[in-house]
Amino acid sequence: MYAPLDFVRLQPDEQRDRLRAFYELMSRRRTVRDFSTEPVPLELVELAIATAGTAPSGANVQPWRFVVVQDPEIKQRIREAAEAEERISYERRMPEKWLRRLAALGTDWHKPFLEVAPCLVVVFRVDYEIDVATGEREGTYYATESVGIAVGLLISALHSAGLATLTHNPSPMRFLGEILDRPKNETPFVLLPVGYPAEGAMVPDLARKPLGEILSIR
Ligand code: IYR
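Residues numbered from 1 in each chain as written. Predicted model: local features only at pLDDT ≥ 70, side-chain atom pairs only at ≥ 80, totals over all residues. Heavy atoms only, no water.

S.K.: Tell me about the overall build of the protein chain, and please be specific about residues and values.
M.R.: Secondary structure summary: the protein chain contains eight helices and six strands in total. Counting from the amino terminus, helix and strand elements in the protein chain follow one another as α-α-β-α-α-α-β-β-β-α-β-α-β-α. Considering the protein chain as a whole, with its 218 residues, one finds that 36% of them fall into the buried category. Contacts in the protein chain between residues at least 24 apart in sequence constitute 81% of all its contacts with a sequence separation of at least 6. (Helix = DSSP H or I, 4+ residues; strand = E, 2+ residues; numbered from the N terminus. Buried < 20%, exposed > 50% of the residue type's maximum accessible area, 1.4 Å probe, protein only. Contact = heavy atoms within 4.5 Å.)

S.K.: Let's hear about the site of the ligand: which residues, and what values?
M.R.: For the ligand, the full set of nearby residues is Glu86, Tyr90, Trp98, Leu102, Leu105, Thr107, Asp108, Lys111, His168 and Asn169. Within the contact set of the ligand, a nitrogen atom lies 3.0 Å away from a backbone nitrogen or oxygen of Asn169. In isolation the ligand has 380 Å² of accessible area, and contact with the protein removes 69% of it. At the level of secondary structure, the elements contributing two or more residues to the shell around the ligand comprise α3 (72-93) and α4 (96-103). For the shell around the ligand, a count of residues per class yields four nonpolar, three polar and three charged. (Near = heavy atom within 4 Å. Polar contact = N/O pair within 3.5 Å; in protein donor to acceptor, adjacent residues only side chain to side chain. Areas by Shrake-Rupley, 256 points an atom, 1.4 Å probe, with all protein chains shown as cover. Nonpolar A, V, L, I, M, F, W, Y, C, P; charged D, E, K, R; others polar.)

S.K.: Describe in detail the packing of aromatic side chains, supporting the description with residues and values.
M.R.: Across all of its chains, the model carries zero aromatic pairs by this definition. Seen from the ring of Tyr128, Arg137 lies directly overhead, with NZ or CZ sitting 4.0 Å from the centre. It is Arg182 that lies over the ring of Phe124; its NZ or CZ is 5.5 Å from the centre. (Phe/Tyr/Trp six-rings, centres within 6.5 Å; stacked < 30°, edge-to-face > 60°. Lys NZ or Arg CZ within 6 Å of the ring centre and 35° of its normal.)

S.K.: Could you give me a rundown of the pairing of strand β6 (residues 186-195), with the residues and numbers involved?
M.R.: Judged by how many residues are buried, β6 sits mostly within the fold: nine of ten residues are covered. Both strand β5 (residues 164-165) and β6 contribute to a ladder of two bridges, which runs antiparallel. Residue pairing across strands places Ala164 opposite Gly195, the latter belonging to β6. (Pairing = 2+ DSSP bridges.)

S.K.: Outline the side chain of Ser146, listing residues and values.
M.R.: Relative to the helices and strands, Ser146 is located in helix α6 (residues 143-160). Residue class for Ser146 comes out buried when judged on its relative accessible area of 3%. A polar contact is formed between the side chain of Ser146 and the backbone oxygen of Tyr142, at a distance of 2.7 Å.

S.K.: Lay out the environment of Ile130 in plain terms, naming residues and giving numbers.
M.R.: Checked against the element boundaries, Ile130 lands in strand β3 (residues 128-130). Once the C-alpha coordinates of Ile130 and Arg92 are considered, the two residues, 38 residues apart in sequence, prove to be 39 Å apart. Setting aside its immediate chain neighbours within four residues, Ile130 contacts Gly135, Glu136 and Arg137.

S.K.: Before we move on, could you go through the sheet that holds strand β1 (residues 64-69) and cite the residues and values that matter?
M.R.: Strands sit in the order β1-β2-β6-β5 across an open sheet of four strands; the sheet is antiparallel. Each edge of the sheet is formed by a strand with only one pairing partner; in this case those strands are β1 and β5. The strands that α3 touches are β1, β2 (119-126) and β6; relative to β1, the one it contacts most, it runs at about 110 degrees. (Axes fitted to C-alpha atoms, helices over the stretch in contact; angles between N-to-C directions.)

S.K.: Account for a negative patch on the surface, with residues named and values stated.
M.R.: On the surface, Glu129, Asp131, Glu136 and Glu138 cluster together to form a negatively charged patch. Within the element layout of this structure, Glu136 appears in the loop between β3 and β4 (137-139). Residue classification places Glu136 among the exposed residues on the basis of a relative accessible area of 56%. (Patch = residues over 30% accessible without salt bridge, like charges linked within 9 Å, V, L, I, M, F, W, Y side chains within 5 Å. Salt bridge = Lys/Arg side-chain N within 4 Å of Asp/Glu carboxyl O. Lys, Arg positive; Asp, Glu negative; His and termini not counted. Charge placed at Lys NZ, Arg CZ, Asp CG, Glu CD.)

S.K.: Break down the nonpolar core for me, with residues and values.
M.R.: Looking at soluble globular proteins, one finds that nonpolar side chains tend to be buried together. Judged by nonpolar contacts, the single largest core of 23 residues is most densely connected at Phe66, Val121, Val123, Val151, Leu154, Leu192 and Val194. At the level of secondary structure, the elements contributing two or more residues to this core comprise α2 (42-52), β1, β2, α6 and β6. Considering every element that reaches this core, the biggest residue donor is α6, with seven residues. Core analysis: the next-biggest nonpolar cluster, separate from the first, contains 20 residues, Val32, Val67, Phe113 and Ile179 among them. (Core = buried A, V, L, I, M, F, W, Y, C linked by side-chain atoms within 4.5 Å.)

S.K.: I'd like a description of a nonpolar patch on the surface, backed by residues and values.
M.R.: On the surface, Leu211, Ile214, Leu215 and Ile217 cluster together into a nonpolar patch covering about 450 Å² of accessible area. In this structure, Leu215 sits in the segment after α8 (211-214). Leu215 sits in the partly exposed class, given a relative accessible area of 40%.

In structure tokens form, the structure reads like this:
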């Protein structure tokens, strides 16, 4: 039932140095929309997904599944389906206020990165499991929170290995389950193009909120 915790106590200086280095590494992560076609070794993506799979989860159900897409035909089908939905969203579904927000990012319904990036990682949330013996359904616990934490680890792991990601949510994205033949108990959560940035890639000139704005100490 229990096993001893594997825990290494660090010296205070080392704790601070490690956090500073990790903060500096992570503060250089940017969402990239302009990818190179250069392939990514599958081993790196697998290691990053293994890292994501270490996330805590409700009742340790680990309600995440990852599908890595490299096949150009499947990428093309995903792009076509995503662009069809996104076009309707940008032209008819999204309110003015939202479009004004996105103007700062320069996004529109065109999603070339879905074909250009060498690899797409599609993350699914498992909503329930079926007991093989009884056929009974049991919902997963805190699945959205759990998968969100896992995706945080995934993008951090990929960034630490010098790979760029885009956290992309085409909306609605049910088509991902259909194209990728996923079972009914899985809901698409996020689509991550992964690769190297294109030569001279540009990103929006955004700033992160200062600590004083996001932290309150009581
Ligand atoms: N899913 C659309 C729109 C979009 C929405 C938000 I909120 C963003 O931060 C970025 C884009 C798209 O991918 O273009």
